[in-house]
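# Tertiary structure, described
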Amino acid sequence: MLGLKEINSNGVVVLEASGKITREDCHKVFPKLEAGFDDHESLHFYIDLRDLSGMELVALKEDLRFDVKHKWTYPK
């Protein structure tokens, strides 16, 4: 499970991940992150990992595609 808790006014994204991350999880979270990129020059991520057991291969593919698309907007 991957869930978006909030994107605060400072551009900090709080994500929660547990169990197995699925493609459906990505499809729910990514549009909200896209909106966050529209509202902020860059986003910073805090990810709360609890009992994470893995990620579907197709979800990993979706995640990598999203990351490559936004690689210039992630701060160093």
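The rules behind these values
Residues numbered from 1 in each chain as written. Predicted model: local features only at pLDDT ≥ 70, side-chain atom pairs only at ≥ 80, totals over all residues. Heavy atoms only, no water. Pairing = 2+ DSSP bridges. Helix = DSSP H or I, 4+ residues; strand = E, 2+ residues; numbered from the N terminus. Axes fitted to C-alpha atoms, helices over the stretch in contact; angles between N-to-C directions. Contact = heavy atoms within 4.5 Å. Right-handed = clockwise from strand over helix to strand, strands pointing away. Parallel < 35°, antiparallel > 145°, perpendicular 65-115°, else oblique. Left-handed = near helix turned anticlockwise from the far one by under 90°. Expected span 1.5 Å × (residues − 1). Bend = angle between axes of the 7 residues up to and from the residue. Buried < 20%, exposed > 50% of the residue type's maximum accessible area, 1.4 Å probe, protein only.

Once that is clear, we can look at the sheet that holds strand E2 (residues 12-21). A sheet is described by the order of its strands in space; here three strands give the open sequence E1-E2-E3, paired in mixed fashion. Looking at the sheet topology across the chains shown, the edges are occupied by strand E1 (2-7) and strand E3 (44-55). Neighbouring strand axes in the sheet, compared pairwise and without regard to direction, differ in orientation by 5° on average. Relative to E2, E1 runs antiparallel, the two being bridged by five bridges. Paired with Ile7 across the bridge in E2 is Val13. Along the sheet, helix H1 (residues 23-39) makes contact with E1, E2 and E3, crossing E1 at roughly 20°.

This part covers the pairing of E2. Counted between consecutive antiparallel strands, the loop separating E1 from E2 contains four residues, among which Gly11 sits at a positive phi close to 80°. Running through H1, the crossover from E2 to the neighbouring parallel element E3 is right-handed.

This part covers the packing of H1 against helix H2 (residues 57-69). Orientation of H1 relative to H2, taken along the N-to-C sense of each, is 15°, at an axis distance of 9 Å. The orientation of H1 relative to H2 falls into the category roughly parallel. At the point where H1 passes H2, the crossing takes the right-handed sense. Packed against H1, whose contacting residues are Arg23, Cys26, His27, Phe30, Leu33, Glu34 and Phe37, the element H2 presents Val58, Ala59, Glu62, Asp63, Phe66 and Lys69 at the interface.

In this section: H1. With 17 residues, H1 ought to run about 24 Å at 1.5 Å a step, and its terminal C-alpha atoms sit 25 Å apart, in line with that. Along H1, the helix axis deviates most sharply at Val29, where the bend reaches about 25°; the proline Pro31 sits within four residues downstream. When H1 is considered as a whole, its buried residues turn out to be Asp25, Cys26, Val29, Phe30, Leu33, Gly36 and Phe37.

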